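Residue-level structural notes
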Amino acid sequence: MTGSRVRIAAAALVLAGAVMAGAESLRANADRVGFAIGAAVAVGPLKGESTYGTVAAGEFNLVVAENAMKFGPLRPSRTTFFWDDADAIVAFAQANRMRVRGHTLVWHNQLSAWLTGGTFTRDEMIQILRDHILTVAGRYRGEVMAWDVVNEALGNNNTLRTDSIWYQRIGPEYIDMAFRWAHEADPGALLFYNDYGAELPGARSDAVYALVHGMIQRGVPIHGVGLQMHTSIAWSLSPQSLAANIGRFGALGLQVHVTEMDVRIEDSTGDLQGRLAQQASRYRDVLEVCLASHGVCRALLTWGFTDKYSWLPGFTGHPNEAGLILDKTYNPKPAYLALRDTLALASRPLYRHLPRR
Ligand code: G3I
């Protein structure tokens, strides 16, 4: 084994050993308080790197496919589905008694070339989307606890994005249609609207609120809002404001999941240890708000879990961007310890008055 692989394996053993030694994993502590702690997993390392799956199964009770359940990866052609990768992630979750979030049935991104290059009529697009949702949500009926039915329907101007092929070809009704079809396919699944930038009160959160409130008023089956929480230590995040924002979705009768958390540190200056400490505080703040949300916020997932596999370096152009909770050799970062200690504290008798979720 090469040097780095030895180090990775050793780190995983350390993490696993710590778990065995009772230092308690995120999962063990989360299970004790009935909270869902999860991460997005990529099928490549899941299949090709045993440490990846071992650590994921040890630390999380919930997983989401980073890419494998999106339209493009599932749909090589109009008449064929590629299930292998999505099935592998669901099988991994079931083998490790983990729950699954489905991501995502309808998005403007990562679509198939045959769809975006096609000249389908409105009726044909409706048929394509209906068949997709009924087939995918139907295949995983009873196996997916919550679906991001529609992802990022709002553009950066906080109105319905007109660069979505679904908006262009079907119209804004595609959103209600999607939720109704998802509910038809799996009546037991929680149905979420998922978006970025709506974590704190403001114009985008107001737009998400208006969107989901309208759906509720129309009798559309929706159960929650996913707040992606792609954030940075360079951005302010007031726990009080986050709590107020989560609370107003709760007042609609909706749940909230923090669905894709990562905390950038490379868009800030200062010594690395200081930035990692700020990152840890950000993770702690969000988890504490969820645990204190009286059952509104019931899940926190990170978008990946080791800096070795994160979308951030490619997206930000910072090769050293490290937004996640384990470093590239699976060693716990201050952010991991902050989450673990927060969950451990919540599970102590003093906090037992917290409502069971
Ligand atoms: O699978 C192909 C591979 O066959 C090909 O060789 C390679 C090079 O072209 O591309 C591979 O697909 C890439 C895919 O990730 C799988 O790795 C796509 O190019 C790449 O664009 C895609 O990026 C994903 C991104 O969504 C797409 O916008 C990221 O991994 C994924 O983390 C990210 O996740 C999104 C959420 O779904 C929604 N919220 C925002 C979040 C971050 O953008």
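Residues numbered from 1 in each chain as written. Predicted model: local features only at pLDDT ≥ 70, side-chain atom pairs only at ≥ 80, totals over all residues. Heavy atoms only, no water.

What to know about the overall build of the protein chain
In plain terms, the rule: A helix here means a DSSP run of H or I that spans at least four residues, while a strand means a run of E at least two residues long, and both kinds are numbered starting from the N terminus. Atoms counted for the radius of gyration: C-alpha only. Globule rule: 2.2 Å times residue count to the power 0.38. Note on classification: 1.4 Å probe, protein chains only; a residue is buried when its accessible area is under 20% of the maximum for its type, exposed when over 50%, partly exposed between these limits. Working rule for contacts: check all heavy atoms of both residues, and any pair within 4.5 Å makes them a contact. Here, Shrake-Rupley sampling with a 1.4 Å probe gives the accessible areas, and only protein chains in the shown set may cover a residue. Charge counting follows a simple rule: Lys and Arg are positive, Asp and Glu are negative, and His as well as the terminal groups are ignored. Charged groups are reduced to one reference atom each: NZ for lysine, CZ for arginine, CG for aspartic acid, CD for glutamic acid.
Regarding its fold elements, the protein chain presents 15 helices and nine strands. Relative to its length of 357 residues, the protein chain is compact, with a C-alpha radius of gyration of 20 Å against a globular reference of 21 Å. With respect to the principal axes defined by its C-alpha atoms, the protein chain has extents near 60 × 45 × 40 Å. The buried share of the protein chain, reckoned over its 357 residues, is 54%. Taking contacts inside the protein chain between residues at least 6 apart in sequence as the whole, the part at least 24 apart equals 79%. For the protein chain, the accessible surface area stands at approximately 14,100 Å², while carbon and sulfur atoms represent 54% of it. Within the protein chain, the 33 negative side-chain charges are centred at a point lying 4 Å from the centre of the 34 positive side-chain charges.

A look at the state of the cysteines
Just so we agree on the cut-off: Only a pair of cysteine sulfur atoms within 2.5 Å counts as a disulfide in this structure description.
Taken as a whole and assessed by the stated rule, the structure comprises one disulfide. Each disulfide pairs two cysteine sulfurs, and for Cys 290 the partner residue is Cys 297, the sulfurs being separated by 2.1 Å. Looking along the S-S bond of the Cys 290-Cys 297 disulfide, the torsion reads about 60°, which is the right-handed sense. Its relative accessible area of 0% is what places Cys 290 among the buried residues.

So, helix H6 (residues 84-95)
Threshold: One fewer than the residue count of a helix, multiplied by 1.5 Å, yields its expected span. In this context, the arc is that of the directions from the helix axis out to the C-beta atoms.
Taking 1.5 Å per residue as the helical rise, H6 with its twelve residues ought to reach 16 Å, and the 16 Å between its terminal C-alpha atoms agrees with that figure. Looking at H6, one finds that the buried residues are Ala 86, Ile 89, Val 90, Phe 92 and Ala 93. Along the axis of H6, the buried residues cluster in a sector spanning 155°; they form a single face. In this structure, the buried side of H6 is in contact with strand E1 (36-41), helix H3 (43-48), helix H4 (50-59), strand E2 (62-65), helix H5 (71-74) and strand E3 (99-106). Backbone geometry just downstream of H6 places Arg 97 in the positive-phi region, at approximately 55°.

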